[in-house]
Amino acid sequence: LFWATPFARVALCRAPRRLAMTPSECAAYEIDGRMKDPEQQEKLELREEELRQEHGKYLQEHPELRQVLNDFMSSVLLHQPEHVFDFAREYFSAFKHASAGEVDAATAEANERAKAAKDAESSGAQASGEQGA
């Protein structure tokens, strides 16, 4: 899980004061991402568990978030953009100016176009493979 990774621990160094670790806590890591001080490691693990519970509760209260992220990941995997951040900006900007029905229709249409393009690309690759045989 994201919040249990060393990357997330570094993010805690930059988190709001309520969540943030002190500079000395951030500097106390071994190379493997564990704290040098066992007491600090225990404190970190307790905080990570607290975050897991808070995040799980939030996801249960907002199932639409999981759906939005699943839709986005499906779209990324379908389109396989070279520049993922640009793709994400464009993908999510559609939500700013559209109603719920428009977003659903646009997403379905975009996915159909992408699938058609992939199918055409695949059949073109197969045709050129057959010609080379």
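Everything here concerns the structure above.
Residues numbered from 1 in each chain as written. Predicted model: local features only at pLDDT ≥ 70, side-chain atom pairs only at ≥ 80, totals over all residues. Heavy atoms only, no water.

Draft legend 1. Just helix H4 (residues 63–79), in detail. In this model, H4 (17 residues) spans 25 Å end to end at C-alpha, consistent with the 24 Å of a helix rising 1.5 Å per residue. The set of residues buried in H4 consists of Phe72, Ser75 and Val76. Relative to the axis of H4, the buried residues are bounded by an arc of 100° and lie together on one face. Across from the buried face of H4, at angles greater than 90 degrees, the exposed residues are Pro63 and Leu77. Note on H4: the residue one or two positions beyond its end, glutamine 80, has a positive phi of about 45°. (Helix = DSSP H or I, 4+ residues; strand = E, 2+ residues; numbered from the N terminus. Expected span 1.5 Å × (residues − 1). Buried < 20%, exposed > 50% of the residue type's maximum accessible area, 1.4 Å probe, protein only. Arc of directions from axis to C-beta.)

Draft legend 2. Molecular detail of the packing of aromatic side chains. Throughout the structure, instances matching the rule amount to five aromatic pairs. Relative to phenylalanine 92, the ring of phenylalanine 72 has its centre 4.9 Å away and its plane inclined at 40°; by these criteria the two rings are tilted. Of the two residues, phenylalanine 72 sits in helix H4 while phenylalanine 92 sits in helix H5 (residues 84–96), which places them 20 residues apart along the sequence. Residue phenylalanine 72 is classed as buried on the basis of its relative accessible area, which comes to 12%. One aromatic cluster in this structure is built from Phe72, Phe87, Tyr91 and Phe92. (Phe/Tyr/Trp six-rings, centres within 6.5 Å; stacked < 30°, edge-to-face > 60°.)

Draft legend 3. Expanded view of unusual backbone geometry. With phi around 45°, glutamine 80 is a residue other than glycine that occupies positive phi space. Within the element layout of this structure, glutamine 80 appears in the loop between H4 and H5. Overall, the relative accessible area of 57% leaves glutamine 80 in the exposed class.

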